[in-house]
Amino acid sequence: MKAANRAVENWDSYWTVHSYYPHSTNQALDAGARCIDHGQLVDDATMARIAREGAFLSANLAGMSEDLFKHPYYGNPANPAHHKARQFVDGSKDFVRLVKEHKPKRVFNSDVVFSSREFFRQHMDYEKYISGQWFGIHDTLVGMTSRAGELARLTGKLNPYPRKLGVIEPGAYADILLVDGNPLRIWPRLVRIRVGSRRPSGPKM
């Protein structure tokens, strides 16, 4: 990991790591990782360190919800993935509280690749919905926009975008979505939920 860190620094860029537990997350931070993908099973001290050192936290949330067990595969105790998912959901009970308490740079993440259009949209809508429920609409929007732009800018010389990201100002590079009204109030209309009307259950608020 230290060799990887030297290599990306030579390219004026950064690296991220898939990490869940305190020991692996601290290993990555020791080596110079600038972003932790996932991190849902870290403890209080590790979350505090992520925030203190200004590292980014990119955690998908759908895998932390009890609704995961409505899926016929994950909900079936006969499948090994059921027990792995159970361990993951139970182990992330304090995640929301720790993020709210220490306020790391959380960016939005879906962790869905190679999916069909309909399934991808369903999952993204659900991910946005529970992010708004657990962390608030404003923090979710910031994680999708300015904070995500700050992370993207760490790519340095490898940055494919010609101008500044994550801000609305003259000369910046951005797609801007305009809505008629306060986005903090019309969020339910912006996020089209197709996964049922019940509010998602998950980590402690």
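Treat the numbers as computed from the prediction; the structure is a model and nothing was measured.

Take the packing of helix 6 (residues 117-135) against helix 7 (residues 137-144) next. Interaxial distance between helix 6 and helix 7 falls to 7 Å at its minimum, and their mutual angle equals 130°. Accordingly, the angle class assigned to the pair helix 6 and helix 7 is oblique. Here Lys128, Ser131, Gly132 and Phe135 of helix 6 lie close against helix 7, whose contacting residues are Ile137, Asp139, Thr140 and Met144. Along the lines of polarity and charge, the residues of the contact of helix 6 with helix 7 split into three nonpolar, three polar and two charged.

Of the strand pairs in this sheet, strand 1 (residues 16-19) and strand 2 (residues 35-38) are connected by four bridges, and their pairing is parallel. Along strand 2, the bridge assignment pairs Thr16 with Cys35. Handedness of the crossover joining strand 1 and strand 2 through helix 2 (residues 22-31): right-handed. Here three bridges tie strand 2 to strand 3 (residues 56-58), and the two strands are oriented parallel to one another. Bridge assignment links Asp37 to a residue of strand 3, and that residue is Ser58. This β-α-β element, strand 2 to helix 3 (residues 44-52) to strand 3, shows right-handed connectivity.

The next subject is the pattern of salt bridges. A pair can form between side chains of opposite charge whenever their charged atoms are brought close. By the definition in use, this model includes 13 salt bridges. In this structure, the salt-bridge partner of Glu66 is Lys93, at a minimum N-O distance of 3.4 Å. Within this pair, whereas Glu66 is found in the loop between strand 3 and helix 4 (80-91), its partner Lys93 is found in the loop between helix 4 and helix 5 (95-102), the two being separated by 27 residues in sequence.

Moving on, we get to the environment of Leu165. Positionally, Leu165 belongs in the loop between helix 8 (146-152) and helix 9 (187-190). Spatially, the C-alpha atom of Leu165 lies 5.0 Å from that of Gly149, the residues being 16 residues apart in sequence. What Leu165 contacts, discounting residues up to four positions off in sequence, is Gly149, Ala152, Arg153, Asn159 and Tyr173.

Before going further, it helps to spend a moment on the confidence of the model for the protein. Model confidence for the protein is summarised by a mean pLDDT of 86, while 89% of its residues fall at 70 or above. Mean pLDDT in the protein bottoms out at helix 9, which sits at 60, and peaks at helix 3, which reaches 98. When the criterion is pLDDT under 50, residues 193-198 qualifies, and its contacts beyond four places in sequence or with other chains add up to 11 contacts.

With that settled, consider the packing of helix 3 against helix 5. For any two helices packed against each other, the geometry comes down to the angle between their axes and how far apart the axes lie. Viewed as axis vectors pointing N to C, helix 3 and helix 5 meet at an angle of 40°, and their least axial separation amounts to 9 Å. For the element pair helix 3 / helix 5, the angle class is oblique. In the crossing of helix 3 with helix 5, the sense of the turn from one axis to the other is right-handed. Taken together, the residues of helix 5 that come into contact with helix 3 (itself represented by Asp44, Met47, Ala48 and Ala51) are Phe95, Arg97, Leu98, Val99, Glu101 and His102. Residues belonging to the contact of helix 3 with helix 5 are distributed by class as follows: six nonpolar, one polar and three charged.

Turning our eyes to something else, we now look at helix 5. Buried within helix 5 we find Phe95, Val96, Leu98 and Val99. In an axial view of helix 5, the angular spread of the buried residues amounts to 165°, which keeps them on one side of the axis. Summarising the contacts, the buried residues of helix 5 are in contact with strand 2, helix 3, strand 3, strand 4 (105-107) and helix 6. Positive backbone phi, approximately 55°, marks Lys103, located one or two places after helix 5.

All right, on to unusual backbone geometry then. The phi dihedral of His38 is positive, around 90°, even though this residue is not glycine. Here His38 shows up in strand 2. Taking the relative accessible area as the measure of exposure, His38 reaches 2% and is therefore buried. Of note in the backbone geometry, Lys103 takes a positive phi value of approximately 55° without being a glycine. Here Lys103 shows up in the loop between helix 5 and strand 4. The class of Lys103 is exposed, set by a relative accessible area of 63%.

Conventions and cut-offs
- Residues numbered from 1 in each chain as written.
- Predicted model: local features only at pLDDT ≥ 70, side-chain atom pairs only at ≥ 80, totals over all residues.
- Heavy atoms only, no water.
- Axes fitted to C-alpha atoms, helices over the stretch in contact; angles between N-to-C directions.
- Helix = DSSP H or I, 4+ residues; strand = E, 2+ residues; numbered from the N terminus.
- Parallel < 35°, antiparallel > 145°, perpendicular 65-115°, else oblique.
- Contact = heavy atoms within 4.5 Å.
- Nonpolar A, V, L, I, M, F, W, Y, C, P; charged D, E, K, R; others polar.
- Pairing = 2+ DSSP bridges.
- Right-handed = clockwise from strand over helix to strand, strands pointing away.
- Salt bridge = Lys/Arg side-chain N within 4 Å of Asp/Glu carboxyl O.
- pLDDT = per-residue confidence, 0-100.
- Left-handed = near helix turned anticlockwise from the far one by under 90°.
- Buried < 20%, exposed > 50% of the residue type's maximum accessible area, 1.4 Å probe, protein only.
- Arc of directions from axis to C-beta.

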